[in-house]
Amino acid sequence: MTTLAKDRFGRIINYLRISLTDKCNLRCVYCMPEDMIFRPSSELMQDGELIALVRVFAGLGFHKYRLTGGEPTVRQNVVEIIRAMSSTPGVRDISMTTNGVLLEDLAEPLARAGLTRVNVSVDTLDPDRFRRITRWGSLDKVWAGIEAAERAGLTPVKLNVVVVRGFNEGDVTDLAKLTLDHDWQVRFIEMMPFGEVAKFAKEQIVTDEAIRARIADDYLPLELLDDGRLDGEARMYRFPGAKGAVGFISSVTQPFCASCNRARLTADGVLRLCLLRDREVDLLTPLRAGASEDDLRQMILDNIWWKPWGHDLAHDVIPLNRVMSQIGG
Ligand code: SAM
Ligand code: SF4
């Protein structure tokens, strides 16, 4: 029988977010500084090491996986990695969070390799503002990537929007209105403070309440779905008669820690127990030193047990040792 990974609060942890790389082809203002220095590839999990760790996690009941980064599509062999993951016993669902820049060519091969869905990050529908937020990104490329994802069956397509005061708060209504004609989920994510970008994130945050008020002013109020029950981490809404839905991920103002079932594996092979807490355990060093699958399994179980209850942003406890791209968003 499978031993499940459980924490001391009784939460079963069975969802792993894996950062494939800390590198990125963009530099979003809320995520990393323009002169970000990346880790040498030799310090990151190699393909075989990553798959070996996935095998151990899958043996502990982790069945749901999300690949992220940095930008997961810039990782060499991303298609082969997904193929190997999807044929690992116990792995049932593999999704990806991507900026979409390379998705136009990759969507089809990724889907064939076993990827099931994508979340594409797109914060505005205005090409100039898109360039300002990402520092050099092309909105056309991302849009072509979203369409390719839909054609490849990586559905339902979810669009992630981080709203930043002074950058894109005027775009929220147009983004939400995409759901009128598309069977998409547009998800507004409250900006979270990390490491070097913490001060910026705290000053420029736009809360989900402010976003809904703005959408109601500009167009129509959104209607709450499912009595406010969470869909994953998002609280769902809809415009009357719309094809798609609008989600709000309010990690800062309404944390969803009680229902958290996730852990994270950073690109350098470190198990991180909470996005917003610095507690971590290195798995790659013992793997390289010859630890057995049993040893690794025990390390994971012991550390999951001590998963922190939740974050403490309300008391200004912010993660300092890594920014979002190094943890894996
Ligand atoms: N590069 C991919 C992308 O942008 O989708 C995947 C990695 S990115 C770190 C994952 C998600 O985190 C993206 O949706 C991004 O918008 C979000 N993100 C980055 N920094 C954030 C912050 N400070 N607060 C909230 N969300 C953030
Ligand atoms: Fe890159 Fe994603 Fe961070 Fe933007 S949010 S800089 S696309 S990792």
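Fair warning: this is a prediction, and the values are worked out from it, not measured in the lab. (Residues numbered from 1 in each chain as written. Chains lettered and ligands numbered in written order. Predicted model: local features only at pLDDT ≥ 70, side-chain atom pairs only at ≥ 80, totals over all residues. Heavy atoms only, no water.)

Chemist: Give me the lowdown on the overall build of the protein chain, citing residues and values where you can.
Modeler: A count of helical and extended segments in the protein chain gives 11 helices and 13 strands. In the protein chain, which comprises 329 residues, the proportion classed as buried is 56%. Here the protein chain displays about 13,900 Å² of accessible surface, and carbon together with sulfur accounts for 50% of that area. A distance of 3 Å separates the average location of the 42 positive side-chain charges in the protein chain from that of its 46 negative side-chain charges. (Helix = DSSP H or I, 4+ residues; strand = E, 2+ residues; numbered from the N terminus. Buried < 20%, exposed > 50% of the residue type's maximum accessible area, 1.4 Å probe, protein only. Areas by Shrake-Rupley, 256 points an atom, 1.4 Å probe, with all protein chains shown as cover. Lys, Arg positive; Asp, Glu negative; His and termini not counted. Charge placed at Lys NZ, Arg CZ, Asp CG, Glu CD.)

Chemist: Help me get a handle on the site of ligand 1, residues and values and all.
Modeler: Of all residues adjacent to ligand 1, which total 19 residues, the nearest are Tyr30, Gly70, Glu71, Ser121 and Met192. The separation between a nitrogen atom of ligand 1 and a polar side-chain atom of Glu71 is 2.9 Å. Met192 places a main-chain nitrogen or oxygen 2.7 Å from a nitrogen atom of ligand 1. Its free accessible area being 540 Å², ligand 1 has 95% of it covered by the protein chains. If you list the elements that add at least two residues to the shell around ligand 1, you get strand 3 (93-98) and strand 5 (158-162). (Near = heavy atom within 4 Å. Polar contact = N/O pair within 3.5 Å; in protein donor to acceptor, adjacent residues only side chain to side chain.)

Chemist: Talk me through the site of ligand 2; I want residue IDs and the actual numbers.
Modeler: Residues in close proximity to ligand 2 include Cys24, Leu26, Arg27, Cys28, Cys31, Met32, Gly70 and Asn99, which together make up its full environment. For the shell around ligand 2, the class distribution of residues is 5 nonpolar, 2 polar and 1 charged. (Nonpolar A, V, L, I, M, F, W, Y, C, P; charged D, E, K, R; others polar.)

Chemist: Describe helix 10 (residues 293-305), and please don't skip the residues or the numbers.
Modeler: Here helix 10 is 13 residues long and its end C-alpha atoms lie 18 Å apart, about the 18 Å a rise of 1.5 Å per residue gives. Among the residues making up helix 10, those that are buried are Leu296, Ile300, Leu301, Asn303 and Ile304. Where helix 10 is buried, its residues contact helix 1 (47-59), strand 11 (262-265), strand 12 (270-272), strand 13 (280-282) and helix 9 (284-288). (Expected span 1.5 Å × (residues − 1). Contact = heavy atoms within 4.5 Å.)

Chemist: I'd like a rundown of the packing of helix 1 against helix 10, residues and numbers included.
Modeler: Packing of helix 1 against helix 10 leaves a shortest axis separation of 10 Å and a crossing angle of 60°. Between helix 1 and helix 10, the interaxial angle falls into the category oblique. Crossing angle aside, the handedness with which helix 1 passes helix 10 is right-handed. Packed against helix 1, whose contacting residues are Leu53, Arg55, Val56 and Phe57, the element helix 10 presents Glu293, Leu296, Arg297 and Ile300 at the interface. For the contact of helix 1 with helix 10, the class distribution of residues is 5 nonpolar, no polar and 3 charged. (Axes fitted to C-alpha atoms, helices over the stretch in contact; angles between N-to-C directions. Parallel < 35°, antiparallel > 145°, perpendicular 65-115°, else oblique. Left-handed = near helix turned anticlockwise from the far one by under 90°.)

Chemist: Break down helix 3 (residues 103-113) for me, citing the residues and quoting the values.
Modeler: Every buried residue of helix 3 is listed here: Leu103, Leu106, Ala107, Leu110 and Ala113. Around the axis of helix 3, the buried residues are gathered within 140° of arc, so they sit on the same side. Projecting away from the buried face of helix 3 at angles above 90 degrees are the exposed residues Asp105 and Arg112. Where the residues of helix 3 are buried, they touch helix 2 (78-86), strand 3, strand 4 (117-121) and helix 5 (139-151). Taken from the residues just after helix 3, Gly114 is the one with a positive phi, measuring 125°. (Arc of directions from axis to C-beta.)

Interpretation in functional terms is not warranted from these geometric data alone.
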